[in-house]
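# Coordinate inspection notes
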Amino acid sequence: MRIGYPCINRTLRCKADSAFRLSSYTEDRLILTVSSNLDCLEKILAFNSSKGILFFRITSDLVPFASHPVCKFDWQSHFKTRFSYIGNLIRAKKMRISMHPDQFTLINSVDRSIFARSVKELVYHAELLDLLGLDATAKVQIHVGGVYKDRPGSIQRFIERYGSLPEPVLRRLVIENDEKYPLSDCLAINRETGIPILFDKFHHEISNRGEGIPESIGLVSDTWDAGRDGLPMVDYSSQMTGERRGKHAFSLDERDFSTFLYSTRGYDFDVMLELKDKEESAMRALRVAFKDPRLVAI
DNA sequence: GGCAGTCAAGTACGC
DNA sequence: GCGTACTTGACTGCC
C-alpha cells in the first residue's frame, strides 16, 4: 500500500499546473510554462519521496493545451530528456503515478466530435506517462461519462467506443465509480471490456446498491491484473460535515481512515486522498497507517 | 500595483 | 433557455 494526494502541493512554493489563457498562447510561453511545471513536479516528487508519500496524481495541466489544435509544438521531443530524468526519479523511489483528465473527457458522449477531442486528450495523458518511461501500472482514470437520459444506451456506447481507443490509451485507462455510474455499472462495463475499476470510496457511499466497502474492494481487485496493472488504486475522501452531500471534506478524518484501513485489511491497494489540504492529510494518513503491514516502507 | 471579470473543453439540474 | 455547480485558482486587462 502506498498513500498519496493529487496534483497540488501546498507546502512548496511552486506549481506544476501553471497555465495561461488560450488567447495568449505562443510557443515561447508554452516552453516557459512547461519548463517551470516540470521543475516543480520534480520538487514535489522529491518532497513526497522524503516524506514517504509514494503515490501522486500528476496534473493534466502539466502541458497546457497539449491536445488543443492551437498546439503544434513538438513538446514531446523538446522535453524528452527532462521527462526521462523525472521518470527515473519516480522509478528509483518506487513511486506510483496516476492522472485524471477532467470532466470534459467523455468516451460516451452522444456528440462524436466530443469523443474525438476526448481521444486526443487521452492520448496526451498516455504520451506523458510514456515519456516518463512508466509501465502500465501508471494509470489514467476517467468517469464513465454522461447518462443522456438513456443509461443502458450510454453504457453500451462506452463499451463500443472503448474498443476503438489506441493501444497506448487502453493499457492505462481505468474507470472510476461515481454518482451517475455506481460500482455495479462499472462492473458490468468491466465484464464486457476488461477495463480495471478504480474504487472511489466517497462516491460509493453516496451511490451504491448495498455493497459494503470491503466487499467492493474485493470486487474491484478482481478487475486489476496484478502483473500488468499493479495494485488496485482507491480514491479516498469523506463527507464534509454540515455541507451539501457530495462535498469533499477539507482534511483527513483520522478515525474514519483508521476504520477504513481496518475493514479492508484483507486487501492491498494504493490510496489517493482527495482532500483539500493535500500533503498535510497524506502525512497524517501515513502516521495513522504506521503499523499497517501493507504500507510500503521508504 | 491592485482589482475584478474571466477562463478550452461538458453535463445535469433547478428555475 | 439560462445560470450555476463541479472546483479553484490565477491569468489578464484595465484603472
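Up top is the structure these notes are about.
In what follows, the accompanying structure is described.

## A short note on the pattern of salt bridges
- Taken as a whole, this structure holds 16 salt bridges when the rule is applied.
- Its salt-bridge partner being Arg82, residue Asp39 comes within 2.8 Å of it at the nearest N-O pair. With Asp39 in helix 1 (residues 27-51) and Arg82 in helix 3 (residues 80-92), this residue pair connects regions lying 43 residues apart in the sequence.
- Among the residues examined, Arg82 registers a relative accessible area of 25% and is labelled partly exposed.
- Sharing partners across several salt bridges, the network here consists of Arg2, Arg96 and Asp270.

## Focus: the state of the cysteines
- For the structure on display, the rule yields one disulfide.
- Two residues, Cys14 and Cys40, share a disulfide whose sulfurs are 2.2 Å apart. Handedness here is read from the sign of the S-S torsion; for Cys14 and Cys40, about 80°, the answer is right-handed. Of the two residues, Cys14 sits in the loop between strand 1 (3-6) and helix 1 while Cys40 sits in helix 1, which places them 26 residues apart along the sequence.
- No disulfide involves Cys7; its sulfur sits 12 Å from the nearest other cysteine sulfur, which is in Cys40.

## Describing the environment of Cys7
- Turning to its location among the elements, Cys7 is positioned in the loop between strand 1 and helix 1.
- With sequence-adjacent residues up to four places away left out, Cys7 is seen in contact with Ile44, Phe56, Arg57, Ile58 and Thr59.

## Considering the sheet that holds strand 6 (residues 197-200)
- Strand order in the closed barrel formed by eight strands is 1-2-3-4-5-6-7-8, and the pairing between neighbours is parallel. Strand after strand, the sheet turns through a mean of 30° between neighbouring axes, direction not considered.
- As defined by bridge partners, strand 1 adjoins strand 8 (residues 270-273) across two bridges and the pair is classed as parallel. Paired with Ile3 across the bridge in strand 8 is Val271.
- Running over the sheet, helix 11 (residues 254-263) touches strand 1, strand 7 (233-236) and strand 8 and is turned about 155° from strand 7.

## Observations regarding the protein's contact with DNA strand B
- Around DNA strand B sit 17 residues in total, of which Arg21, Leu22, Arg117, Val147 and Tyr148 are the nearest.
- Residue Leu22 places a main-chain N or O atom 2.5 Å away from a phosphate oxygen belonging to DNA strand B.
- Separating a base nitrogen of DNA strand B from a backbone N or O atom of Phe65 is a distance of 3.4 Å.
- Grouping the amino acids of the surface near DNA strand B by side-chain chemistry returns seven nonpolar, five polar and five charged.

## Regarding the environment of Lys93
- Along the chain, the position of Lys93 falls in the loop between helix 3 and strand 3 (96-99).
- Note on Lys93: relative accessible area 42%, which makes it partly exposed.
- Taking the C-alpha atoms as reference points, Lys93 and Leu54, 39 residues apart in sequence, are found 7.8 Å from one another.
- Discounting chain neighbours no more than four positions away, the residues touching Lys93 are Ser49 and Leu54.

## Considering the nonpolar core
- Counting residues in hydrophobic clusters, the biggest one holds 83 residues, and the most contacted among them are Trp75, Phe83, Leu173, Phe257 and Leu273.
- Those residues in contact with Phe257, other than ones at most four positions away along the chain, are Ile3, Tyr236, Leu252, Val271, Leu273, Ala285 and Val288.
- Residues Phe55, Trp224, Met233 and Met272 belong to the second largest nonpolar core, which totals six residues.

## A look at the pairing of strand 1
- Residues Ile3 and Tyr5 point to one face of strand 1 and Gly4 and Pro6 to the other, with burial holding for every one of them.
- Viewed along the sheet, the connection from strand 1 through helix 1 into strand 2 (residues 55-58) turns out right-handed.

Cut-off values and rules
- Residues numbered from 1 in each chain as written.
- Chains lettered and ligands numbered in written order.
- Predicted model: local features only at pLDDT ≥ 70, side-chain atom pairs only at ≥ 80, totals over all residues.
- Heavy atoms only, no water.
- Salt bridge = Lys/Arg side-chain N within 4 Å of Asp/Glu carboxyl O.
- Helix = DSSP H or I, 4+ residues; strand = E, 2+ residues; numbered from the N terminus.
- Buried < 20%, exposed > 50% of the residue type's maximum accessible area, 1.4 Å probe, protein only.
- Disulfide = S-S within 2.5 Å.
- Contact = heavy atoms within 4.5 Å.
- Pairing = 2+ DSSP bridges.
- Axes fitted to C-alpha atoms, helices over the stretch in contact; angles between N-to-C directions.
- Near = heavy atom within 4 Å.
- Polar contact = N/O pair within 3.5 Å; in protein donor to acceptor, adjacent residues only side chain to side chain.
- Nonpolar A, V, L, I, M, F, W, Y, C, P; charged D, E, K, R; others polar.
- Core = buried A, V, L, I, M, F, W, Y, C linked by side-chain atoms within 4.5 Å.
- Right-handed = clockwise from strand over helix to strand, strands pointing away.

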